[in-house]
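The lines below spell out each chain.
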Amino acid sequence: MNAPRKLGQWIETDTSDVRATLLWDRVRAKTKPVRHGSSRRWAAGAFVGVAAAAAIAFFVARRTGMDHVSPNAQASTFIGVYDDTGAMMLADGSRVRLRDSANVRVEHVGDRIELTLVRGTAEFDVVHVPGRQFLVHAERADIVDVGTRFVVTREASSTRVEVREGSVEVRDPRGALPTRTIAAGESWSNGVGAESPSTSTMETIAPLPTMTTTSAAAPRQPASPKALLEAADAARVAGRSREAAALLDEVRRHHRSDPRAGLAAFQLGRLRLDTLNDAAGAVEAFDDTIALAPNASFREDAEARRVDALERARDPRCREAKDAYLARYPRGVHVAEVTARCER
Amino acid sequence: MGKSRPALRVVAPSPERGHSSTGGPSDAALVVAARAGEDWAREALCRRHAPAVIKLSHRLLGRDDEADDLAQEAFTHALSSLDRLADPQAFAAWMRTIVVRTAHKIVRRRVLMRKFGLGPRKTESDIDTDFISREAPPDVHAELHAIYTLLDELPARERIALVLRRVEGMSHEDIAEQLGVSLSTAKRLAASSDEALARALSGGEK
C-alpha cells in the first residue's frame, strides 16, 4: 500500500463546549486535586507553583494589561481562561472580558471581590454568590454588582456603565453624586464639567440604544437544531446566558425528535442552575433531559444535577431523587456529592 | 488575624508555545499549577485538550457514543498521574499516548469478553459509519468505511495500529511510541492490518 493518508479529517465528531463541560464534570467527580503528602515535596511543589504563577502573572500583566494584586491585599482569587474565547473566569464562575487594551487589577478581600479598571473596557458577567460582594472601581465610580452582566468603560476622566442584564448600583466614592441603581437596558456615565474637573460633575442616565445582542429586539433565530446549538454555545461563552438558555429551550421544545434535544435540555438545566439561579427551572429541564434521552450517556449526570437542583429549590422530592440516583448508580461518578445532598 | 491566603494567580490569553492559537497559559504552566493541586489548572487542561481527545477517542473506537467513556478514562488517568509527566510542555503528546493505550486496553478487554461469549458481536447492520463526512471524496469514504467495518475483526493491537496508520496518518516510529512496542513490532502490526484492509477494499476473502 502507499504511504498512509491522514483520513481522520473526514470524520465528523461533536466537540461542542457542552460535551467538553460534561467530560470535565465527570473527570472532576473521579479525580481530586493532588496535594503532595511529603512536606518537603509539597514545599518544593508550592515553590514551583508560586514561581510559575508569578511568572504567568508578570507575563500576562505585560502582555494583556492584567495587573498584579496590590501587595497588601489578602488575595486569593484566580482568573482562569476559557480557551475558546479568551474570556477569563474567576473561581466562582464570573467572567471578565477585556476590550480596548483594558487593564484590570483584581483583588479578593474577605467576602468581597474587587476589580479596578485602570483603563479600557471590560465586560463582566457576574455569578451571584450570597454574601459575596462584587465591586468594580473605575474613574470616580464604584460599581456594585448583584449577579448580572454589565460593561464598564474607563476613559481619561469619566466612566461609562452599560447594564445588559440585572442591575448594578453605582456609587461615587467621593460622595458628590447620589448612589444610583442602573437597570438592564440603561447606561450611566459621569461626565466632567469643563471648568473644574474635580468639583463639577455631570451625570447621565439613559436608555441603551438597541442592544447588539440578539436577545431583545431581534427574535430572528436560526432554524436548524445544529445552528441553534451553535448559537447557544456562542451566546453562552460570550456571557449571554439568558440568550443561550432561550436558544437551548428552542431546541428541546421544537426539535424533540432530534438526537441532540436531550443534550440541549441538559445544558439548559446546567445554565439555569449554575448561572441563572433558577433551581426550579433547572429541575424541569433535567426532568426533560431524562425524558428525552433516557439511555444517553449523560443520564447519570442529569440525575445527579437534578438532585442538586431539587436541594437548591428546597423541593421535598430531593430525598426521593437522591435515593433513586444511589440505587441506580451505586458506583456512579457522582455518588459522593449526591450522598451529601438532601440531608436537611 | 485571618489565615493568609495563597497569592493571586492571574492568567489571561496569550499566544504561547505549548498552547493553541486560542491563547492562555502554556501547558507547562498549567501542569505545574495542577501538580500543586490547583483545580482550575486541571479544568483548563481538560477543557483545552477535550476536543482533540474526544476526536481521537471517536476515531480509535469507531463509535461516537463510546468516545466519552474513553476520553473520561484517559483524562482521569492523566490528571491523577501528572507527576509522571517528565516534560510538562509535552502534555498534549503524553495525553495522546494515554488515549491510545487506554483505547487498546478497552478493545483488548472487549475482545476477551467476546471470546468468552460475554460481549455483543457486531453484525454488518450494526456498523454505523454515518460519521464519515459527506464531503469526503469517494475513495476516502470507501477506505474509511472499510476500516471501520473491519475493526471488530482484528486483534486489539492490529486494530489500534490500523487506525493510527490509516486514519491518523502516523509513521511506524510514532505507532511504536504510542503503543509502547518496538519499531519492528509496529511495522509488523501495520503490515498485517494493511493487508487485511487491502483485502477488505478489494472485496476479497480473508
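### A look at the overall build of chain B
- The helix and strand tally for chain B stands at 8 helices and 1 strand.
- Mapped in sequence order, the helices and strands of chain B form the string β-α-α-α-α-α-α-α-α.
- Buried positions account for 55% of the 206 residues belonging to chain B.
- Looking at chain B alone, contacts between residues at least 24 apart form 56% of all its contacts between residues at least 6 apart.
- Carbon together with sulfur atoms contributes 52% to the accessible area of chain B, which is approximately 9,500 Å² in total.

### Digging into the confidence of the model for chain A
- When pLDDT is averaged across chain A, the result is 72; 66% of the residues are at 70 or more.
- In the model, residues 193-200 of chain A has pLDDT below 50 throughout and makes 5 contacts with residues more than four positions away in sequence or in other chains.

### Structural notes on the state of the cysteines
Residues and elements named next belong to chain A.
- All told, the structure shown has 1 disulfide over all chains when counted by the stated rule.
- Covalent S-S linkage joins Cys 318 and Cys 342, the inter-sulfur distance amounting to 1.9 Å. Measuring the twist about the S-S bond at about -60°, one finds the Cys 318-Cys 342 disulfide to be left-handed. In this pair, Cys 318 is assigned in helix H8 (residues 318-328) and Cys 342 in the segment after helix H9 (335-339), connecting sequence segments 24 residues apart. The residues Cys 318 and Cys 342 share a single accessibility class, namely buried.

### Regarding a positive patch on the surface
Residues and elements named next belong to chain B.
- On the surface, Lys 105, Arg 108, Arg 157 and Arg 188 cluster together to form a positively charged patch.
- Along the polypeptide, Lys 105 turns up in helix H4 (residues 91-115).
- Owing to a relative accessible area of 40%, Lys 105 belongs among the partly exposed residues under this scheme.

### Concerning the side chain of Asp308(A)
- Looking at the element boundaries, Asp308(A) is found in helix H7 (residues 299-312).
- In this structure, Asp308(A) is in contact with Leu273(A) and Arg341(A), ignoring residues within four places of it in sequence.

### Digging into helix H5 (residues 261-274) of chain A
- Along its 14 residues, H5(A) runs 20 Å from first to last C-alpha, staying within 8% of the 20 Å computed at 1.5 Å per residue.
- Summarising burial for H5(A): 13 of the 14 residues are buried, a large majority.

### What about the pairing of strand S8 (residues 149-154) of chain A?
Residue and element names in this part refer to chain A.
- With 5 of its 6 residues buried, S8 lies for the most part within the structure.
- Pairing of strand S5 (residues 112-125) with S8, which is carried by 6 bridges, proceeds in the antiparallel orientation. Its bridge partner being in S8, Phe 124 is matched across the sheet by Phe 150.
- Both S8 and strand S9 (residues 159-165) contribute to a ladder of 6 bridges, which runs antiparallel. Along S9, the bridge assignment pairs Phe 150 with Val 163.
- Joining the antiparallel neighbours S8 and S9 is a turn of 4 residues.

### Looking at the nonpolar core
Residue and element names in this part refer to chain B.
- Judged by nonpolar contacts, the single largest core of 65 residues is most densely connected at Leu 60, Tyr 148 and Leu 179.
- The biggest single contributor to this core is helix H2 (residues 39-61), with 11 residues.
- Excluding anything up to four places from it in sequence, Leu 60 contacts Val 99, Val 100, Ala 103, Leu 151, Arg 159, Ile 160, Val 163 and Leu 164.

### A few points about the confidence of the model for chain B
All names here are of chain B.
- Mean pLDDT for chain B: 81, with 82% of residues reaching 70 or above.
- Least confident of the elements in chain B is strand S1 (residues 9-10), whose mean pLDDT is 34; most confident is helix H6 (residues 156-167), at 93.
- Throughout residues 1-22 the model reports pLDDT below 50, and contacts reaching past four residues in sequence, or to other chains, amount to 69 contacts.

### What about the packing of H6(B) against helix H8 (residues 183-201) of chain B?
Residues and elements named next belong to chain B.
- The interhelical angle for the contact between H6 and H8, taken along N-to-C directions, is 85°, at an axis separation of 8 Å. Taken together, the axes of H6 and H8 are roughly perpendicular relative to one another. Across from Arg 157, Glu 158, Ala 161, Leu 162, Arg 165 and Arg 166 in H6, the residues of H8 making contact are Thr 185, Arg 188, Leu 189, Ala 190, Ser 192, Ser 193, Asp 194 and Leu 197.

### What to know about the environment of Ile143(A)
Residue and element names in this part refer to chain A.
- Along the chain, Ile 143 turns up in strand S7 (residues 141-145).
- Sequence spacing of Ile 143 and Val 168 is 25 residues, and the spatial spacing of their C-alpha atoms is 6.5 Å.
- Filtering out sequence-adjacent residues up to four positions away, Ile 143 remains in contact with Phe 134, Leu 135, Val 136, Ala 138, Phe 150, Val 152, Thr 159, Val 161, Val 168, Glu 169 and Val 170.

### Focus: the packing of aromatic side chains
- This structure, assessed with the given rule, holds 7 aromatic pairs over all chains.
- Centroid distance Phe131(B) to Tyr148(B): 5.2 Å. Interplanar angle 90°. Geometry classified as edge-to-face. Pair noted here: Phe131(B) is in the loop between H4 and helix H5 (138-150) and Tyr148(B) is in helix H5, with a separation of 17 residues, a long-range link.
- Here a set of aromatic residues connected by ring pairs shows up, and it is made of Phe124(A), Phe134(A) and Phe150(A).

### Looking at the pairing of S7(A)
Residue and element names in this part refer to chain A.
- The buried count for S7 comes to 5 of 5 residues, which makes it a mostly enclosed element.
- A loop of 2 residues connects strand S6 (residues 133-138) with S7, the two strands running antiparallel in sequence, and Arg 140 in this loop sits at a positive phi of about 55°.
- Here 4 bridges tie S7 to strand S10 (residues 167-171), and the two strands are oriented antiparallel to one another. If you follow Ile 143 over to S10, its bridge partner there is Val 170.

### As for helix H6 (residues 279-292) of chain A
- Helix length check: H6(A) (14 residues) gives 20 Å between terminal C-alpha atoms against 20 Å at 1.5 Å per residue, within 8%.
- Looking at the buried side of H6(A), the elements it contacts are helix H4 (241-254), H5 and H7 of chain A.

### Remarks on unusual backbone geometry
Residue and element names in this part refer to chain A.
- Positioned with a positive phi, Asn 277 is a non-glycine residue whose angle comes to about 55°.
- With respect to the secondary-structure elements, Asn 277 resides in the loop between H5 and H6.
- By relative accessible area, which is 46% here, Asn 277 ends up partly exposed.
- In this structure, Arg 314 is a non-glycine residue whose phi angle is positive, near 55°.
- Summarising the element assignment, Arg 314 is placed in the loop between H7 and H8.

Rules behind the numbers
Residues numbered from 1 in each chain as written. Chains lettered and ligands numbered in written order. Predicted model: local features only at pLDDT ≥ 70, side-chain atom pairs only at ≥ 80, totals over all residues. Heavy atoms only, no water. Helix = DSSP H or I, 4+ residues; strand = E, 2+ residues; numbered from the N terminus. Buried < 20%, exposed > 50% of the residue type's maximum accessible area, 1.4 Å probe, protein only. Contact = heavy atoms within 4.5 Å. Areas by Shrake-Rupley, 256 points an atom, 1.4 Å probe, with all protein chains shown as cover. pLDDT = per-residue confidence, 0-100. Disulfide = S-S within 2.5 Å. Patch = residues over 30% accessible without salt bridge, like charges linked within 9 Å, V, L, I, M, F, W, Y side chains within 5 Å. Salt bridge = Lys/Arg side-chain N within 4 Å of Asp/Glu carboxyl O. Lys, Arg positive; Asp, Glu negative; His and termini not counted. Charge placed at Lys NZ, Arg CZ, Asp CG, Glu CD. Expected span 1.5 Å × (residues − 1). Pairing = 2+ DSSP bridges. Core = buried A, V, L, I, M, F, W, Y, C linked by side-chain atoms within 4.5 Å. Axes fitted to C-alpha atoms, helices over the stretch in contact; angles between N-to-C directions. Parallel < 35°, antiparallel > 145°, perpendicular 65-115°, else oblique. Phe/Tyr/Trp six-rings, centres within 6.5 Å; stacked < 30°, edge-to-face > 60°.

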